[in-house]
Amino acid sequence: MSDLDAAWRRLRAAGAAAAARSISGLFEAEPDRLDRLSLQAAGLYLDLSKQPWSAKDLALALDLAQAAGVEAARERLFAGETANPSEGRAALHMALRAPRGADFAAQGEPVSREVEATREAMAAFARAIRSGERAGADGRRFKAIVHIGIGGSDFGPRLVWEALRAPDPDIELRFIANVDPADSAQALSGLDPAETLVVVVSKTFTTQETMANALIARDWLRNALGTDGDAHLVAVSAAPDVAKGFGVRGDQIFGFRDWVGGRYSVWSSVGLSCAIALGPDVFEALLAGGAAMDDHFRLAPLASNAPVLLALAHVFNRNAMDRPVRAVVPYAQRLRLLPNFLQQLEMESNGKRTRTDGRPVTQATAAAVFGDAGTNVQHAFFQLMHQGSDVIPADILAVAQSADGHPASQTKLLANALAQAEALMVGRSEAEVRRSLAKDGLSAGEIDILAPQKTFPGDRPTSFLLMEALTPEALGALIALYEHKTFVEGVLWGINSFDQWGVELGKTLAGHILKDLEGEAPGAHDPSTTALIARLRDGA
Ligand code: F6P
């Protein structure tokens, strides 16, 4: 048996033992638990003490990280080696947010000077738009940006905008992602094309949804402004020639390279809309926060490394305790899109069943992620979190200081975040419930029926993440934290976190079915799909 297999086996045995004891009991047994399991990284405070692992289990998890070669893989990632072998690419998003003067190379090719030049061009463009120096076709200032993109060309910028936007911004930023015409109709509604910049973001510039929406927006501009409307069209792509072919002027195309994965791309020119609408200084601060987390991830020993420990806590739940779902609950309305962002980051990166070497994985991989903003979710899925038949670990996030006023409401929000994490772990024993019901005067029969229903089993783990304020730096650190966590998990499972072959089949079939819906004679499909095509063609 290899060292790695042995490490997995020991971790699974530890998980079985963990299932038979309480997390609260670990605080009594391990007086240094909080100190050992809480850490500060790039301005974020991470508390992993409400996870089910003991000190010994953590040591086993760290052994696993050693045996899987996390340190060497981290070195290779930062060195720009081929981290994405199935596509023959490096994965060098860290180069995009590095301080000026850095020296990254992708597969041996120096990239930092090019990155800096693009960053400067983006900042200059953003400043020119914001100052009005670069204006619309009739000389009016741009008051709105419509960002068109999907997946990695959408989730990151949307999260950043929602997190950092002013309530009443000088330049409004709207997003179109879905090919559903309702999305473009809503996003364009009420905007004046003469004052609107359309930014089409697509790494490939071939994505069906994005191209359909780009055509709608281009027509919207041209119908109002004639060919002058093209001055309102900007493209961000790793395929600049395709963007040019679409009619975007050369000086309005911002590039990035194929070593930037879509879901890791918010730091590149994919963030242009945010750089304009929030200002280039805010965007630079976001990058600085990401770079601070990179330094931490690269330099901190595994035992005090936030992305590594967050990944190991997840793997302990996922693999040692067979928990296939995880909730992400930001107690911050401004971070309500974080779960959506993480769905792509984690599930597209690590939703794999084949290892990098082509063999089947030996362990279950990415958990399904779901979530939304607290406190809203307390009135939705928290019943199941507390008393459902499955244990669903959660990441709970909170921001100490709100920039949105109303400190009394903010304190209530924080109280709820802390209370839920505590309640999930501690629960409420049946004995305690019975005592309380008896005190209320219920009969023994009534207590027998009610007490089990009012009992909370507890031992539902959380990772608690606290930031002082939702600054651009803190947000950058947060996103980079989850990127590196996802990478570490990929290394533990032996999979390539940077490809996404699983999205291809549906795309190909959608192309065929599109022809079936539009064309003369539909092709062959399974009976259910054939019947659905017939209903849609016949207008049934
Ligand atoms: O969902 C599949 C995917 O390829 C993602 O990886 C990517 O972020 C998204 O589509 C959009 O791709 P593009 O930026 O090329 O339009």
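Residues numbered from 1 in each chain as written. Predicted model: local features only at pLDDT ≥ 70, side-chain atom pairs only at ≥ 80, totals over all residues. Heavy atoms only, no water.

Another point: the overall build of the chain. Within the chain, the regular secondary structure consists of 22 helices and 13 strands. In summary, the chain has a C-alpha radius of gyration of 25 Å against a globular reference of 24 Å for 540 residues, a match within 12%. Considered along the principal axes of its C-alpha atoms, the chain spans approximately 80 × 60 × 55 Å. Pairs at least 24 apart in sequence give 72% of the contacts found in the chain among residues at least 6 apart. As presented, the chain carries roughly 23100 Å² of accessible surface, and 54% of it is formed by carbon and sulfur atoms. Looking at charge distribution, the chain has the averaged site of its 53 positive side-chain charges lying 2 Å from that of its 66 negative ones. (Helix = DSSP H or I, 4+ residues; strand = E, 2+ residues; numbered from the N terminus. Rg over C-alpha atoms; globule rule 2.2 N^0.38 Å. Contact = heavy atoms within 4.5 Å. Areas by Shrake-Rupley, 256 points an atom, 1.4 Å probe, with all protein chains shown as cover. Lys, Arg positive; Asp, Glu negative; His and termini not counted. Charge placed at Lys NZ, Arg CZ, Asp CG, Glu CD.)

Okay, the site of the ligand next. Lining the immediate environment of the ligand, one finds 14 residues, of which Ser153, Ser202, Thr204, Thr207 and Glu348 sit closest. At a separation of 2.7 Å, an oxygen atom of the ligand approaches a polar backbone atom of glycine 152. With respect to the ligand, the side chain of serine 153 contributes an N or O atom lying 2.7 Å from an oxygen atom. Across the complex, the protein chains shield 87% of the 390 Å² of accessible surface that the ligand would expose by itself. Among the residues making up the shell around the ligand, the classes are represented as 2 nonpolar, 9 polar and 3 charged. (Near = heavy atom within 4 Å. Polar contact = N/O pair within 3.5 Å; in protein donor to acceptor, adjacent residues only side chain to side chain. Nonpolar A, V, L, I, M, F, W, Y, C, P; charged D, E, K, R; others polar.)

For leucine 465, the location among the structural elements is in strand E13 (residues 462-469). Given a relative accessible area of 3%, leucine 465 falls into the buried group. Sequence separation between leucine 465 and alanine 398 is 67 residues, and the spatial gap between their C-alpha atoms is 6.4 Å. Not counting residues up to four positions away in its chain, the partners in contact with leucine 465 are Leu44, Tyr45, Leu46, Ile396, Leu397, Ala398, Leu478, Leu481 and Tyr482. (Buried < 20%, exposed > 50% of the residue type's maximum accessible area, 1.4 Å probe, protein only.)

We now examine the sheet that holds strand E5 (residues 144-148). The sheet built from 5 strands is open, its strands ordered E6-E5-E7-E8-E9 with parallel pairing. Whereas interior strands pair on both sides, the edge strands pair on one side only; in this sheet they are strand E6 (172-176) and strand E9 (253-255). Averaged over all adjacent pairs, the angle separating strand axes in this sheet is 20 degrees, with direction ignored. Of the strand pairs in this sheet, E5 and E6 are connected by 5 bridges, and their pairing is parallel. Within E6, the position partnered with histidine 147 by the bridge is phenylalanine 175. The strands touched by helix H9 (residues 181-188) within the sheet are E5 and E6, with E6 carrying the most contacts at an inclination of about 170 degrees. Against the sheet, helix H10 (residues 208-225) makes contact with E5, E6, strand E7 (196-201) and strand E8 (233-237), and its axis sits at roughly 160 degrees relative to E7, the strand it touches most. (Pairing = 2+ DSSP bridges. Axes fitted to C-alpha atoms, helices over the stretch in contact; angles between N-to-C directions.)

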